[in-house]
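Chain residues, written in single-letter form:
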There are 4 protein chains.
Amino acid sequence: MNTFGKNLRVTTFGESHGVAIGGVIDGFPSGFKINFEELQKEIDKRSPGSSQLVSQRKESDKPEFLSGLTEDGITLGSPIGFIIRNSDHRSTDYSEVAHKYRPNHADYTYDLKYGLRDYRGGGRASARETANWVVAGALAYQWLQQFGIIISAELTGAGNIDFSQKLSMDLAEKPSEALSLELPDEIKEKISEEISSAKNSGDSVGGTVTCLIQNVPGGIGNPVFDKLHADIAKTMMSINAAKGFEYGIGFSASRLRGSEVLDIFTSLDKKVVTKTNYSGGIQGGISNGMPIYFNVAFKPTPTIMRNVETINDEYDSTVLQMKGRHDPCVAVRAVPVVKALAALVMADFLL
Amino acid sequence: MNTFGKNLRVTTFGESHGVAIGGVIDGFPSGFKINFEELQKEIDKRSPGSSQLVSQRKESDKPEFLSGLTEDGITLGSPIGFIIRNSDHRSTDYSEVAHKYRPNHADYTYDLKYGLRDYRGGGRASARETANWVVAGALAYQWLQQFGIIISAELTGAGNIDFSQKLSMDLAEKPSEALSLELPDEIKEKISEEISSAKNSGDSVGGTVTCLIQNVPGGIGNPVFDKLHADIAKTMMSINAAKGFEYGIGFSASRLRGSEVLDIFTSLDKKVVTKTNYSGGIQGGISNGMPIYFNVAFKPTPTIMRNVETINDEYDSTVLQMKGRHDPCVAVRAVPVVKALAALVMADFLL
Amino acid sequence: MNTFGKNLRVTTFGESHGVAIGGVIDGFPSGFKINFEELQKEIDKRSPGSSQLVSQRKESDKPEFLSGLTEDGITLGSPIGFIIRNSDHRSTDYSEVAHKYRPNHADYTYDLKYGLRDYRGGGRASARETANWVVAGALAYQWLQQFGIIISAELTGAGNIDFSQKLSMDLAEKPSEALSLELPDEIKEKISEEISSAKNSGDSVGGTVTCLIQNVPGGIGNPVFDKLHADIAKTMMSINAAKGFEYGIGFSASRLRGSEVLDIFTSLDKKVVTKTNYSGGIQGGISNGMPIYFNVAFKPTPTIMRNVETINDEYDSTVLQMKGRHDPCVAVRAVPVVKALAALVMADFLL
Amino acid sequence: MNTFGKNLRVTTFGESHGVAIGGVIDGFPSGFKINFEELQKEIDKRSPGSSQLVSQRKESDKPEFLSGLTEDGITLGSPIGFIIRNSDHRSTDYSEVAHKYRPNHADYTYDLKYGLRDYRGGGRASARETANWVVAGALAYQWLQQFGIIISAELTGAGNIDFSQKLSMDLAEKPSEALSLELPDEIKEKISEEISSAKNSGDSVGGTVTCLIQNVPGGIGNPVFDKLHADIAKTMMSINAAKGFEYGIGFSASRLRGSEVLDIFTSLDKKVVTKTNYSGGIQGGISNGMPIYFNVAFKPTPTIMRNVETINDEYDSTVLQMKGRHDPCVAVRAVPVVKALAALVMADFLL
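Residues numbered from 1 in each chain as written. Chains lettered and ligands numbered in written order. Predicted model: local features only at pLDDT ≥ 70, side-chain atom pairs only at ≥ 80, totals over all residues. Heavy atoms only, no water.

**Overview of the pairing of strand β15 (residues 307-311) of chain B**
All names here are of chain B. We apply this condition: Strands pair, by our definition, only if DSSP identifies at least two bridges between them. Helical segments are the DSSP runs of H or I of at least four residues, strand segments are the runs of E of at least two, and each set is numbered from the N terminus.
The pairing of β15 with strand β16 (residues 317-321) spans five bridges and is antiparallel. The partner of Asn 307 across the bridge, within β16, is Gln 321. The antiparallel pairing of β15 with β16 creates a hairpin that spans five residues between the two strands, and Tyr 315 there sits at a positive phi of about 70°.

Okay, here's the thing in structure tokens:
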């Protein structure tokens, strides 16, 4: 339940405001030299404080590696254990949330399941857990890059501005062009405005992340229960606040006719490609060698700067005053998480 | 790879036009009396020939149970083995598809992965496999009904007519009313027209299925990697032709503000409910006792009555003439499959 | 719980006296041509009636293959489903065992776990299940033989005659000679006499099976929790009536000094071997390229031709009259089962 | 591969002479108060320096708990992460073993599998890993004691002195008496002498550990592939140096007749017991409520104070001078490990 993957298995632990979070990466191939600088860059992208659009809480996320590596940073094939210490959480005042259930958070459901919960910062339900995933995913991505695989992820929508549908259709219809998730400047600006506007009104806003995986060899995946896109779907839906997933042209396909979305096979020098890529690089659960792309929808952060009605853990009515430094749009920080998890899924299938 | 589930495990086998398909249901509780009549009803809903809107191929899907039951049909707790014989497939002429890759089908990717494939009717990639799922899912649903759990599924969109978004928003905003997936007659008619129109022009059309699960107790699911909705997502994305999944208000949540979608807790006689249900009954990966609902998007069947360019298995250009009796809208036949798989996931979590 | 293996997964079903037993073999490589004649030979070795020393009940064990194969018997890579019908079981009178618990059988523990049981012939607890294992194991062994791997198994002890310890020590000390499990004629005869003597007095007797696996490449296995010998141990202990397992010189090693059992490394033309093989071909859970050998101890069949005290399912004292045709020494029929399971474990690790 | 268990899952990491070892305990029930003093006692039993008979290397094994607990030491239901730092390993000189393969160690097989290895103290193959198991097992045992389950383990044989067979037969024949693994003083003394004698001659000696589990409720286990004793066997064979496993009267059963080992059922006040317990508390893979007992055979430590021939990692002949402080009998330190793993298996089945 806290382990992800079959061949490359990542087991994680840690409450948001406990001593440390961390994980064990099991099944990583031996003899691979880790690039720790590149790793830290990926971790820093996820960190609060990395942009105006995210919460300003300061964390110093430096993983300490405990095993699985030689002194030169070469993998031994044995499990890679790592921890990230949490910092300065003792001073915070949790009295407001210790016994009140925050709406759309996991407070109530954790109490139902476990009979108690760590109310400090959301405990295990906090997005802090995703720092573990970024560590593991960044290592997986370093390994994948050896085979030429490129993964990119972008925020492609926030609130009323949603460019993800247009982008997906472009990826479907022009697969032979140089592919990029780079948005037009105008769209980028509008997305920033949406987020700022939500922030300024003490509110939050949802968003969409698009991910593109290039140079995946054909033949990866399974035909029935562990279809490549089904495993990607499950993985992405594991991210905090994820509400929807679609691959290829996704929901748009449900509104079109068969004749409009046929990806015609053709070959050039015995290399098979499809003229269009509505399928999103996967057919029958198995990669066909074309680019894989998908969208993940994120709900707005439920923590907003307002007083809301709720109940306490004795089921009596009360009012909750939410406060603190929080992300106006969780989808912003989900971008490196989507990328990291995409790397983990792909590495798991390729191993 | 051909096994689904952790506590209730369904392992399936069978090519579309082989001797038989079948499965093994392992972990089903002992001492439960199977209602075989009800089971057959569910199977018949999936069968071709069950409606004007699906393909007219005649199959007689009568599962033969081989083990796991007393002579009175009471489960022993041991694995329930069953088979469904395939019928009259020998006469068909497969010469057109034996060496040509059908676009958007799994022909090419199977060849990539396995080096050979059963081209008769799509082999293992055929939707015939879903008959196994309906058998297992119907048994699971009989077991779930003991606890008052009700699962319903409906076709809520086809082509240009998409009622799923409206319906989801209704389910979110009026959770205290009697919930139903019943569509207005006018919408139903328009959906039928979309499908007929596609059929009449030798084309096919995509569609959306909505599923509603009521009376799930709170506290079901896992907080991190095996979130309830993540497992539902993976399961639904395993259905042939599925391209997208969303739960609660799904992609709509990415376009809204936090203040617009807060599900406020309240309690009545110590029973906790939320005033709205934008969350779709799951918070932090764990059920909160409110109704669970989700949409699955299906692409249009790739088999259409037209000639299309393609390549053969030597990667040379050719023309494929697709023919035969095929469903104009696979989403129609996916309805009982969505319901069956929803039952399997829920039973797996409840066991 | 009814699935064996990680990469090559065998899921089985079937009660001894139900309609059929059978299984699903998932993960078998594609493109392999099955030799059905060889398969049948292995199955026949396990069958009752194959020797004077086993029960004379007549079964016709002909597996029917339902999927996963082309019409020419070439594997597709998809799951191989098979069934073996049970025959003429309706006439038998089970009144004596329907409500009385047979000592050392699983009757009482099944009732504890499941609340009911199939008392006809032992239901799922019957050694009939091992017919499924032999089918799957024989296919696995055909595949392993491609790589030169040779597996043999022999009955090396029964009752007072136990040659297994001597044989193990020979295998340890002369690993460079041509290895064989062939027993001296005199020992074979004495073992036969032990079994006949038990049979003639309406009694049964325990026995030991030795297994030898040659030509396993080095580097197979895992270092910590899924050690090669640990998985072999679990597998062998899954056989009905198994009470003990030892590999290499096993329990004898507990009685010796370190200096007496060191397997000294040496190399010839860059091929590494050890001068002795007390380790049994596995060091630190991973094969070292030397022959693997192990012993499995089987208890005597609990069914003997005597009246015994027992209790019924209302926990009242009663007398049970055991009768029917039963094996005087289950270890005899366990020989092909040990071989089949050894093939399954090795194939699982090599895949 | 570094994860143990299904419901209670322990994932471990750490090389013997790396930064730290540690693990993640996932699935531990919430709301349980850990007794840290009791825990430390169990850990100390395994530590070197705990007796004259074990190596005198000083380690300070104090686990640091990082997650899964409230500040009061109550389990949250979330994964419990812990680490144990390794100490003062930098000064050691590993030049003798860096490129030479120690006989009967995992040096050669690790190189085969991984292409490199951590030669400092054996890396992952070191028995240091068992400190992780003792931490997890001690927590599991605290939980099991709530249900009255008692687990004990003893060294019952070393070299020529083997009391395990006599003890097993006593446990089989007098199950209604107060059971104990306490050896007669005379035997204890002789065992000590065997070990001292081996130590004094720079040699090592094998041994046997007997384990007794009392008050296990009936009905625990599985009937086919995950039989209770098969899982115990695999678990015990995972311990470093284990060569054999037997439960109940084990190998002795292979030498006896059916009539000699029937465990006759009887009942007293509707409580079912057997008059004897040759079966060792398990029938058909499922516990019957009687005491469970088993023996594990351990080989002598391969590290002895002598020069031995071997090869280096270029496969050239060389001589290895083994030195350092090592256990003359690993079975001594295996006693708390057997107990800890028995607790983990039982907790896994009971959860």
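**Thoughts on the interface of chain B and chain A**
Worth spelling out the cut-off: Any two residues having at least one pair of non-hydrogen atoms within 4.5 Å are treated as being in contact. As a working definition, buried area equals the accessible area (1.4 Å probe) given up by two parts on being put together, with both sides summed. Salt bridges, as used here, are contacts in which a Lys or Arg side-chain nitrogen is within 4 Å of a carboxyl oxygen on Asp or Glu. The definition of a polar contact used here is a pair of N or O atoms within 3.5 Å, where within protein one atom must be able to donate a hydrogen and the other to accept one, and adjacent residues in sequence count solely through side-chain atom pairs. Each residue is assigned to one class: nonpolar for Ala, Val, Leu, Ile, Met, Phe, Trp, Tyr, Cys and Pro, charged for Asp, Glu, Lys and Arg, and polar for all the others, Gly among them.
Contacts between the two partners involve 102 residues from chain B and, on the opposite side, 102 residues from chain A. Buried area between chain B and chain A, summed over both chains or domains, comes out near 8,100 Å², and the portion from carbon and sulfur atoms is 58%. Summed over the shared surface of chain B and chain A, the number is 10 salt bridges. Its salt-bridge partner being Asp 162 of chain A, residue Arg 255 of chain B comes within 3.0 Å of it at the nearest N-O pair. The tally of links from chain B across to chain A stands at 47 residue pairs in polar contact (both at pLDDT 80 or more). Grouping the constituent residues of the side of chain B that touches chain A by class yields 42 nonpolar, 36 polar and 24 charged. Of the strand pairs in this sheet, strand β9 (residues 242-247) of chain A and strand β9 (residues 242-247) of chain B are connected by three bridges, and their pairing is antiparallel.

**Concerning the relation of the copies chain B and chain A**
Between the two chain copies there is a screw-like relation: a rotation about an axis and a shift along it. Filter applied, for reference: Superposing copies: least-squares fit, C-alpha atoms only, residues required to have pLDDT of at least 70 in both.
Of the transformation superimposing chain B on chain A, the axial component is 0.0 Å and the angular component is 180°, with the fit at an RMSD of 0.0 Å. Such values leave the two copies arranged in the relation of a two-fold axis. Of the interface residues in chain B, 99% have counterparts in chain A that sit at the interface too, so the contact is made through matching surfaces.

**Details of the packing of helix α1 (residues 36-46) of chain B against helix α4 (residues 130-145) of chain B**
All names here are of chain B. Convention followed: Throughout, an axis means a line fitted to C-alpha atoms (over the contacting stretch in the case of helices), and angles, computed between N-to-C directions, take values from 0 to 180 degrees. By definition, any crossing whose near helix is turned counterclockwise from its far helix by less than a right angle is left-handed, and any crossing with a clockwise turn is right-handed.
As a packed pair, α1 and α4 sit with axes 9 Å apart at the nearest point and diverge in direction by 145°. Crossing angle aside, the handedness with which α1 passes α4 is right-handed. Taking contact as the criterion, the partners of Glu 38, Leu 39, Glu 42, Ile 43 and Arg 46 in α1 are, on α4, Thr 130, Ala 131, Val 134, Val 135, Ala 138, Leu 139 and Gln 142. Classifying every residue of the contact of α1 with α4 by side-chain character gives seven nonpolar, two polar and three charged.

**Describing the arrangement of the chains**
Taking C-alpha atoms only, the smallest gap left between chain A and chain C, which are not in contact, amounts to 9 Å. What separates chain B from chain D at the closest point of their C-alpha atoms is a distance of 9 Å, and the two make no contact.

**Thoughts on the side chain of Asn 104 of chain C**
Just so we agree on the cut-off: The rule is simple: take the accessible area with a 1.4 Å probe, protein chains only, and divide by the maximum for that residue type; under 20% is buried, over 50% is exposed, in between is partly exposed.
Assignment of secondary structure puts Asn 104 of chain C in the loop between β5 (80-85) and α2 (107-114). For Asn 104 of chain C, a relative accessible area of 7% corresponds to the buried category. A polar contact is formed between the side chain of Asn 104 of chain C and the backbone nitrogen of Asp 263 of chain D, at a distance of 2.8 Å. Here Asn 104 of chain C is in contact with Lys 299 and Pro 302 of chain C together with Val 261, Leu 262, Asp 263, Ser 279 and Gln 283 of chain D, once residues within four sequence places are set aside.

**A few points about the sheet that holds strand β7 (residues 161-162) of chain A**
Remark on secondary structure: sheet strands pair via backbone hydrogen bonds, oriented parallel or antiparallel. Read across the sheet, 10 strands follow the order β7(A)-β6(A)-β8(A)-β14(A)-β9(A)-β9(B)-β14(B)-β8(B)-β6(B)-β7(B) without closing on themselves; strand pairing throughout is antiparallel. The open sheet terminates on both sides in strands that have one partner only, identified here as β7 of chain A together with β7 (161-162) of chain B. The sheet contact formed by strand β6 (residues 150-158) of chain B and β7 of chain B spans two bridges and is antiparallel. Its bridge partner being in β7 of chain B, Gly 157 of chain B is matched across the sheet by Asp 162 of chain B. Helix-sheet contacts for helix α5 (residues 185-200) of chain A involve β6 (150-158) and β7 of chain A, and the interaxial angle to β6 of chain A is about 60°. This element, helix α6 (residues 228-237) of chain A, spans β9 and β14 (292-298) of chain A together with β9 of chain B of the sheet and lies at about 160° to β9 of chain A.

**Section: the state of the cysteines**
Residues and elements named next belong to chain A. Put simply, the test is: For this text, the term disulfide refers to a pair of cysteine sulfurs within 2.5 Å.
Scanning the model with the defined rule gives zero disulfides over all chains in all. In this structure Cys 211 is not part of a disulfide, and its nearest cysteine sulfur, from Cys 329, lies 17 Å away. When its relative accessible area of 0% is taken as the criterion, Cys 211 is described as buried.

**A few points about the packing of helix α6 (residues 228-237) of chain D against helix α7 (residues 330-350) of chain D**
Residues and elements named next belong to chain D. α7 packs onto α6 with a crossing angle of 145° between their chain directions and a minimal axis gap of 10 Å. Every pair of crossing elements has a handedness; the one defined by α6 and α7 is right-handed. Each of Leu 228, Asp 231, Ile 232, Thr 235 and Met 236 in α6 lies in contact with α7, whose residues at this interface are Val 338, Leu 341, Ala 342, Val 345, Met 346 and Phe 349. Residues of the contact of α6 with α7, tallied by class, amount to nine nonpolar, one polar and one charged.

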